[in-house]
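# Notes for the structure review
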Amino acid sequence: MRDFDIKQQWQELKDTLRPMPWKKKLEHLWEYYKWVLVVLAVVATIIYIAIVGYSNARVEGLFYGEVVNLDFDTEGVEYLRDDFLEYLGGVEGDQKVSFYMSNLVVGDDSTYDNYYAPLMRTSSEISNKTMDYFLVDSAALSCYFNEEILMDLRQLFTEEELAQMEESLVYVLYEETGEKIPMAINVTDSAFMTSRLNYKKTAYMCFVAGTERAETCKIFYDYFMAYQPE
């Protein structure tokens, strides 16, 4: 019985493939080595996922957000992501500021895919501690009120600060106690929204209850409100 010699087998394969056009080479490989190719593809995929996972694990997340039913231009996206990373003193590649933009359909036109699926993803992000703030329209804000996932702004701002933004605050009334709790800030007329939104829409900023980055949330609000278009 002839011993298996991988070098010899490789040389024979090269000699066989050399005179063939590319299409014939691929057909030959698929016909005689399809399982080898499948295994190699699976191994390569596993290695890629491991490398990406390792790289992501090394990157420290400084701040996370979700923009719901609002559409920013490119400069607006870069400002909230790249510029805020620089503002925090973060190092690109080792740290990140990130957010994703989503659509949440509320009302008669809602389906599982455009209502429950986005909410489940958001809930997962909150559970993983990778969600700190929302920028939302009126429909999404009402939905998040019902989900009870928003921070009481009294935990973030002082009484004096809340008094200064009184006209922009949105409250939730708890009928059982009669208590009004500030839960969101109307930022529709902010310089950022008026210059960076692709279309005019009422917009609110709110924060996630239980965020581990409350201090950064406050820094973000001040940073956002101080925006001046160039």
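Since this is a predicted model, take the numbers as computed values, not measurements.

### Some points on the overall build of the protein chain
Within the protein chain, the secondary structure is distributed over 8 helices and 6 strands. The linear arrangement of helices and strands in the protein chain, starting from the amino end, is α-α-β-α-β-α-β-α-α-β-β-α-β-α. Taking all 230 residues of the protein chain together, 36% fall into the buried category. Put simply, of all contacts in the protein chain between residues at least 6 apart along the chain, 66% involve residues at least 24 apart. Only carbon and sulfur atoms are counted for the fraction: they give 53% of the accessible area of the protein chain, which is about 14,800 Å².

### Looking at helix α4 (residues 112–127)
End to end, α4 covers 21 Å across 16 residues, agreeing with the expected 22 Å (1.5 Å per residue, within 8%). The inward-facing, buried residues of α4 abut β1 (60–68), β2 (95–102), β3 (133–136) and α5 (138–147). In the segment just after α4, K129 is the residue with positive phi, at about 65°.

### A short note on the pairing of strand β6 (residues 204–207)
Every second residue of β6 is oriented toward a common face, with Y204 and C206 on one face and M205 and F207 on the other, all of them buried. Across 4 bridges, β3 lies against β6 in antiparallel orientation. Paired with V136 across the bridge in β6 is Y204. Looking at chain direction, strand β5 (residues 179–186) and β6 are connected through 2 bridges and run antiparallel. Across the sheet, residue I185 finds its bridge partner in β6, namely M205.

### So, empty space enclosed by the protein
Evaluation of the coordinates by the stated rule reveals 1 cavity of 30 Å³ or more. Counted as a void, the largest cavity has a volume near 40 Å³. Of all the secondary-structure elements, those providing two or more residues to the lining of the largest cavity are α5 and β4 (169–174). Each residue belonging to the lining of the largest cavity can be placed in one class, and the counts come to 7 nonpolar, no polar and 1 charged.

### Side note on the confidence of the model for the protein chain
Averaged over every residue, the pLDDT of the protein chain is 85; the share at 70 or more is 81%. The least confident element of the protein chain, judged by mean pLDDT, is helix α2 (residues 22–58) at 63; the most confident is β6 at 98.

### Digging into the sheet that holds β4
Taken in spatial order, the 6 strands of this open sheet run β2-β1-β3-β6-β5-β4, and their pairing is mixed. In this open sheet, the two strands that pair with only one neighbour each are β2 and β4. Each strand axis lies, on average, 30° off the axis of its neighbour in the sheet, ignoring direction. Lying over the sheet, helix α3 (residues 74–87) contacts β1, β2 and β3, oriented at roughly 165° with respect to β2. Contacts from helix α8 (residues 214–225) reach β1, β3, β5 and β6 within the one sheet, and its direction differs from that of β6 by about 165°.

### Details of the pairing of β4
In the sheet, β4 pairs with β5 via 6 bridges, with the strands oriented antiparallel. The residue of β5 that forms the bridge with V172 is I181. Where β4 hands over to β5, the hairpin turn is made up of 4 residues, of which G178 adopts a positive phi near 75°.

### A few points about a nonpolar patch on the surface
On the surface, Y112, Y116 and M120 cluster together into a nonpolar patch covering about 370 Å² of accessible area. Relative to the helices and strands, Y116 is located in helix α4.

### So, the layout of surface pockets
Of the pockets and cavities examined, the largest pocket occupies roughly 190 Å³. Lining of the largest pocket is provided by E75, G76, E78, Y79, S195, R196, Y227, Q228, P229 and E230. Only α3 and α7 (191–196) provide two or more residues apiece to the lining of the largest pocket. Among the residues forming the lining of the largest pocket, the class breakdown is 3 nonpolar, 3 polar and 4 charged.

### Things to note about the packing of α3 against α8
The N-to-C vectors of α3 and α8 enclose an angle of 115°; their axes lie 12 Å apart at closest approach. In terms of orientation, α3 lies roughly perpendicular with respect to α8. α3 and α8 meet at a crossing whose hand is right-handed. Across from Y79, L80, D83, F84 and Y87 in α3, the residues of α8 making contact are T216, I219, F220, Y223 and F224. Residues that form the contact of α3 with α8 fall into these classes: 8 nonpolar, 1 polar and 1 charged.

What counts, and at which threshold
- Residues numbered from 1 in each chain as written.
- Predicted model: local features only at pLDDT ≥ 70, side-chain atom pairs only at ≥ 80, totals over all residues.
- Heavy atoms only, no water.
- Helix = DSSP H or I, 4+ residues; strand = E, 2+ residues; numbered from the N terminus.
- Buried < 20%, exposed > 50% of the residue type's maximum accessible area, 1.4 Å probe, protein only.
- Contact = heavy atoms within 4.5 Å.
- Areas by Shrake-Rupley, 256 points an atom, 1.4 Å probe, with all protein chains shown as cover.
- Expected span 1.5 Å × (residues − 1).
- Pairing = 2+ DSSP bridges.
- 1 Å grid on protein atoms, 1.4 Å probe; cavity = no way out; pocket = protein on both sides within 12 Å on 5 of 7 lines; lining within 4 Å.
- Points joined across faces, edges and corners; volume = space filled by probe spheres on them.
- Nonpolar A, V, L, I, M, F, W, Y, C, P; charged D, E, K, R; others polar.
- pLDDT = per-residue confidence, 0-100.
- Axes fitted to C-alpha atoms, helices over the stretch in contact; angles between N-to-C directions.
- Patch = residues over 30% accessible without salt bridge, like charges linked within 9 Å, V, L, I, M, F, W, Y side chains within 5 Å.
- Salt bridge = Lys/Arg side-chain N within 4 Å of Asp/Glu carboxyl O.
- Parallel < 35°, antiparallel > 145°, perpendicular 65-115°, else oblique.
- Left-handed = near helix turned anticlockwise from the far one by under 90°.

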